[in-house]
There are 2 protein chains.
Amino acid sequence: MTESLQFSNSLRQWMDVFMHRSMRSWHFFVKSTGLTMPQFSILMQLHYKGSCGMSDISEHFDISNAAASQLAEKLVQGGYIERDEDPNDRRAKQIQLTSKGRKLIEMGVNERYRWMDDLTSKLSAEEKLQVAESFKVLTEAAAQLEEKA
Amino acid sequence: MTESLQFSNSLRQWMDVFMHRSMRSWHFFVKSTGLTMPQFSILMQLHYKGSCGMSDISEHFDISNAAASQLAEKLVQGGYIERDEDPNDRRAKQIQLTSKGRKLIEMGVNERYRWMDDLTSKLSAEEKLQVAESFKVLTEAAAQLEEKA
DNA sequence: GCATAAATTTAAGCCCGCTTAACTAAAAAG
DNA sequence: CTTTTTAGTTAAGCGGGCTTAAATTTATGC
């Protein structure tokens, strides 16, 4: 029983540290790009999912189609995304990152990795191995969880 | 060399999964409270640091004193924080969570933990041990990194 | 074909966060 | 003391996201 408590505590402590730190730096990075958080979130979504339609966006972020359309328009204006007609359904539009958009995302993601790299650079080889193994297990577990949902 | 590459990949994959998932659910939770993200962030800051002055807030979030003051005012109105005169310096104000504010934060943090608990509930006892150990090591490394900065 | 439904856009209007500038009050410096 | 600095508030105004409502264009059902 005390073991599982200790386990929980380790989890919670790490999450607190990690979330606080990473959300803060994410906030500042996005701000530094001149884009707003909702705009940047759309870029991130495109980064993960590739191209998608307007309705996908509005659904994923739980905003109206109108809102999604307006955000997309700004990103098109800024040259971060392209908006094309869906060849299968001419009512629909497909949006995707431009190379400018991809570069920006890459910068953000790399900055996200940097702190982690700094953190792990202090670890012993053995610890690194353990950490890597743990993350692998957790990533798999997350994929399984996703499947069911 | 390939080992360190694999290590990096494990880190990156986990970060991608974890960040995407946790930022999304955080966003929705905050929205569900009826507070805005900046408002909620102040509550979180108070949760971590205890009471602090207006200038601490404006510094930490890199906003003007005016902005911090306005946000705080809304949180006072909503009953989430208290604002008192600093007895040592009557120009300054100290703000801190009320019990209503604390309850809200607790809900948010618990929701944050829940996914992690779901995730780890699928792990074997051995894996759990390894994960806990990894997080402990990382949390320590983070503390050391913080010290130096 | 024709009516209806679906995908998106545009416009009007609201709320919010943020900034600057002006103001109040208290502390510190001289 | 008087001056200057510091902490915070208030008000005006801008820009952004979001919603609803109306309009447009294309697909679908019958």
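All residue numbers refer to positions counted from 1 along the written sequence of the respective chain. Both sets of labels track the order of writing: A upward for chains, 1 upward for ligands. Selection of residues for local features in this predicted model requires a pLDDT of at least 70, selection of side-chain atom pairs for listing and counting requires 80 or more, and totals for whole chains, interfaces and linings are taken over all residues.

K.L.:
Account for the protein's contact with DNA strand D, with residues named and values stated.
P.N.:
Close to DNA strand D lie 26 residues, the nearest being S64(A), A66(A), S55(B), A66(B) and S69(B). Of all elements in the fold, only helix 2 (37-49), helix 4 (65-77) and strand 3 (89-97) of chain A together with helix 3 (54-61), helix 4 (65-77) and strand 3 (89-97) of chain B reach the threshold of two or more residues within the surface near DNA strand D. The nonpolar class holds Ala, Val, Leu, Ile, Met, Phe, Trp, Tyr, Cys and Pro. Asp, Glu, Lys and Arg form the charged class, and all remaining residues, Gly among them, are polar. Class assignment of the residues belonging to the surface near DNA strand D gives a composition of 9 nonpolar, 9 polar and 8 charged. Any residue qualifies as near a molecule or strand once its backbone-derived C-beta atom lies within 6 Å of it. Helix numbering and strand numbering both begin at the N terminus, where a helix is a DSSP run of H or I of at least 4 residues and a strand a DSSP run of E of at least 2.

K.L.:
Requested: an account of the protein's contact with DNA strand C, with residues and values cited.
P.N.:
Taken together, the neighbourhood of DNA strand C is formed by 26 residues, with S55(A), A66(A), S69(A), T36(B) and A66(B) sitting nearest. For the surface near DNA strand C, the secondary-structure elements that each account for two or more residues are helix 3 (54-61), helix 4 and strand 3 of chain A together with helix 2 (37-49), helix 4 and strand 3 of chain B. The element that contributes the greatest number of residues to the surface near DNA strand C is helix 4 of chain A, accounting for 6 residues. Here the residues of the surface near DNA strand C are counted per class, giving 9 nonpolar, 9 polar and 8 charged.

K.L.:
Can you explain helix 4 of chain A? Please cite residues and give values.
P.N.:
Residue and element names in this part refer to chain A. Taking 1.5 Å per residue as the helical rise, helix 4 with its 13 residues ought to reach 18 Å, and the 18 Å between its terminal C-alpha atoms agrees with that figure. Counting other C-beta atoms within 10 Å of each residue's C-beta, where C-beta atoms are placed from the backbone, gives the exposure class: buried for 20 or more, exposed for 12 or fewer, partly exposed between. Residues of helix 4 that are buried: A68, L71, A72 and L75. Buried residues of helix 4, seen end-on, are gathered within an arc of 100° and therefore sit on one face of the element. Residues A66, Q70, E73 and Q77 are exposed on helix 4 and point more than 90 degrees away from its buried face. Contacts are defined on C-beta atoms placed from the backbone: any two residues whose C-beta positions lie within 7 Å are in contact. Contact partners of the buried residues in helix 4: helix 2, helix 3, strand 2 (81-86) and strand 3. Just downstream of helix 4 lies G79, where phi reads positive at about 80°. A helix's residues, less one, multiplied by 1.5 Å, set its expected span. The arc in question is traced by the directions running from the helix axis to the C-beta atoms.

K.L.:
Summarise the sheet that holds strand 2 of chain A; cite the residues concerned and give the values.
P.N.:
Residue and element names in this part refer to chain A. When DSSP locates at least two bridges between a pair of strands, those strands are taken to pair. Ordered in space as 1-3-2, the 3 strands form an open sheet in which the pairing is antiparallel. Only two strands of the sheet have a single partner each, and these edge strands are strand 1 (52-53) and strand 2. As judged from the 6 bridges shared by strand 2 and strand 3, these two strands associate in the antiparallel manner. In the sheet register, E85 faces strand 3, and the bridge partner there is K93. Axes here mean lines fitted to C-alpha atoms, for a helix over just the part in contact, with angles spanning 0 to 180 degrees between N-to-C directions. The sheet strands contacting helix 4 are strand 2 and strand 3, and the helix crosses strand 2 at an angle near 120°.

K.L.:
Explain the relation of the copies chain A and chain B to me, and be specific about the residues and the numbers.
P.N.:
Rotating chain A by 180° about the axis while translating it 0.0 Å along that axis superimposes it on chain B, leaving an RMSD of 0.0 Å. This pairing of chains is accounted for by a two-fold axis. When the interface residues of chain A are mapped onto chain B, 100% of them again lie at the interface, so the same face is used by both copies. A least-squares fit on C-alpha atoms brings the copies together, and the residues used are those whose pLDDT is at least 70 in both copies.

K.L.:
An account of the pairing of strand 3 of chain B is needed here, citing residue identities and associated values.
P.N.:
Residues and elements named next belong to chain B. Where strand 1 (residues 52-53) lies against strand 3, 2 bridges are found, and the strand directions are antiparallel. Paired with C52 across the strands is I95, a residue of strand 3. Hairpin connection of strand 2 (residues 81-86) to strand 3: 2 residues between the antiparallel strands.

K.L.:
So what's going on with the sheet that holds strand 2 of chain B? Which residues, and what values?
P.N.:
All names here are of chain B. Strands sit in the order 1-3-2 across an open sheet of 3 strands; the sheet is antiparallel. Edge positions in the sheet fall to strand 1 and strand 2, since each has one partner strand and no second. The strands touched by helix 2 are strand 1, strand 2 and strand 3; relative to strand 3, the strand with the most contacts, the crossing angle is about 95°. Its contacts with the sheet put helix 4 on strand 2 and strand 3, and the angle it makes with strand 2 is roughly 120°.

K.L.:
For the nonpolar core, give the residues involved together with the corresponding values.
P.N.:
In this structure, F135(A), L138(A), F135(B) and L138(B) are the most contacted members of the largest nonpolar core, which totals 24 residues. Of all the elements in the fold, those that place two or more residues in this core are helix 1 (2-33), helix 5 (99-121) and helix 6 (125-148) of chain A together with helix 1 (2-33), helix 5 (99-121) and helix 6 (125-148) of chain B. Apart from the residues within four sequence positions on either side, F135(A) is in contact with S10(B), L11(B) and W14(B). Think of a nonpolar core as buried Ala, Val, Leu, Ile, Met, Phe, Trp, Tyr and Cys residues chained together by C-beta atoms that fall within 7 Å.

K.L.:
Go over the interface of chain A and chain B with me, naming the residues and quoting the values.
P.N.:
Taken residue by residue, the interface counts 38 residues in chain A and 38 residues in chain B. Going through the elements one at a time, helix 1, helix 5 and helix 6 of chain A are the ones with two or more residues in the side of chain A that touches chain B.

K.L.:
Tell me about helix 6 of chain A, residues and numbers included.
P.N.:
For helix 6 of chain A, built from 24 residues, the straight-helix expectation of 34 Å at 1.5 Å per residue is met to within 8% by its first-to-last C-alpha distance of 35 Å. Where helix 6 of chain A is concerned, the buried positions are K128(A), V131(A), A132(A), S134(A), F135(A), V137(A), L138(A) and A142(A).

K.L.:
Requested: an account of the packing of helix 2 of chain A against helix 5 of chain A, with residues and values cited.
P.N.:
All names here are of chain A. Where helix 2 meets helix 5, the axes come as close as 10 Å, and the angle between the chain directions of the two elements is 95°. Classed by the angle they form, the pair helix 2 and helix 5 counts as roughly perpendicular. Between helix 2, through L43, M44 and H47, and helix 5, the contact on the second element is made entirely by G101, L104 and I105. When grouped by side-chain class, the residues that make up the contact of helix 2 with helix 5 number 4 nonpolar, 2 polar and no charged. Convention used here: angles under 35 degrees read as roughly parallel, angles over 145 as roughly antiparallel, angles from 65 to 115 as roughly perpendicular, and any remaining angle as oblique.

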